[in-house]
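# Per-entry structural report
For reference, the chains in residue letters:
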Amino acid sequence: MFHYQIEPRFNDTDALGHISNTSYPVWFEQARTPVFELFHPSLDVKTWPLILARIELDLKAQSYWGKPIDIETTIGKVGNSSCQVVQRAFQDGKEVAAGVAVLIYFDYQTETSKPIPEEIRAQLLEHQAT
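Bear in mind the structure is a predicted one, so any value in this text is a computation, not a measurement. Each chain carries its own residue numbering, running from 1 in the direction its sequence is written. Per-residue local features are limited, in this predicted model, to residues with pLDDT of at least 70; the limit for side-chain atom pairs, both in listing and counting, is 80 or more; totals at the level of whole chains, interfaces and linings are taken over all residues. Side-chain calculation: all heavy atoms of the structure are included, whereas hydrogens and water are not.

A count of helices and strands for the chain gives three helices and six strands. Our radius of gyration is a C-alpha quantity, and the globule rule it is checked against amounts to 2.2 Å times the number of residues to the power 0.38. In summary, the chain has a C-alpha radius of gyration of 16 Å against a globular reference of 14 Å for 130 residues, a match within 12%. Taking the principal axes of its C-alpha atoms as reference, the chain extends roughly 45 × 30 × 25 Å. Here's how the labels work: a residue is buried when its accessible area is under 20% of the maximum for its type, exposed when over 50%, partly exposed in between, all with a 1.4 Å probe on protein chains only. Buried residues in the chain amount to 40% of all 130 residues. Summarising the internal contacts of the chain: among those between residues at least 6 apart in sequence, 63% fall at separations of at least 24. Carbon and sulfur atoms make up 52% of the accessible area of the chain, which totals about 7,700 Å². Helix and strand labels come from DSSP, where a helix needs a run of H or I of at least four residues and a strand needs a run of E of at least two; each type is numbered from the N terminus. Whether two residues are in contact is decided by their heavy atoms: any pair within 4.5 Å suffices. To measure how exposed things are, a 1.4 Å probe is used in the Shrake-Rupley method; for residues, cover is taken only from the protein chains shown.

Here it is as structure tokens:
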């Protein structure tokens, strides 16, 4: 499991004083960086091998500015060319959001998916939720 902590900014709030629903997809993307590094340690976008196919977000409870958000990231299902990245956000120990992103191992030259190499698959499985 990977852990990432966000300090919400004042501009992450909405008119009601809650963390905006638009903040979580951005925060979850940032917290996926260790997963990106499993696929592409240099993070060089000129040779980037991933494409985002899907994101889901469930807002579980209200969250607020002034208190950190802790994000847990694990791996869900690993397919031939794709994997699920499962994420949960907590504030004061309470789950406030959950999400799933589907990443596809992708060749931008041919615009097609490609099989995840076995060495990357093994690393993904080390972080798979049980």
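Mapped onto the secondary structure, Ser-63 falls in the loop between β2 (50-59) and β3 (69-78). Whenever a nitrogen or oxygen atom comes within 3.5 Å of another N or O atom, the pair is scored as a polar contact, on the condition that within protein one atom can donate a hydrogen and the other can accept it, and that pairs from neighbouring residues in sequence are kept only if both atoms are in side chains. In this structure the side chain of Ser-63 is engaged in a polar contact, spanning 2.5 Å, whose partner is the side chain of Tyr-24. Apart from residues no more than four positions distant in its own chain, Ser-63 is found in contact with Gly-17, His-18, Ile-19, Tyr-24, Ile-69, Gln-91 and Val-96.

Within this document, salt bridges are pairs made up of a side-chain nitrogen of Lys or Arg and a carboxyl oxygen of Asp or Glu, the two lying within 4 Å of each other. Inspection of every chain in the model, using the stated rule, returns five salt bridges. With a shortest N-O distance of 3.1 Å, Glu-95 and Arg-88 are connected by a salt bridge. Exposure remark for Glu-95: the relative accessible area of 22% places this residue in the partly exposed category. Overall, Arg-88 belongs to the partly exposed group, its relative accessible area being 35%. The partner of Arg-121 in a salt bridge is Glu-118, and the shortest N-O contact between them spans 3.6 Å. With Arg-121 and Glu-118 both in helix α3 (residues 118-126), this residue pair falls three residues apart, about one helical turn. For Glu-118, a relative accessible area of 56% corresponds to the exposed category.

Every buried residue of helix α1 (residues 23-31) is accounted for by Ser-23, Tyr-24, Trp-27, Phe-28 and Ala-31. In a view along the axis of α1, the buried residues occupy a sector of 125°, so they form one face of it. Directions from the helix axis toward the C-beta atoms define the arc.

One non-glycine residue, Leu-43, adopts positive backbone phi at about 60°. Along the polypeptide, Leu-43 turns up in the loop between α2 (33-39) and β2. Given a relative accessible area of 30%, Leu-43 falls into the partly exposed group. Backbone geometry places Asp-92, a non-glycine residue, at a positive phi of 55°. Along the chain, the position of Asp-92 falls in the loop between β4 (82-91) and β5 (94-107).

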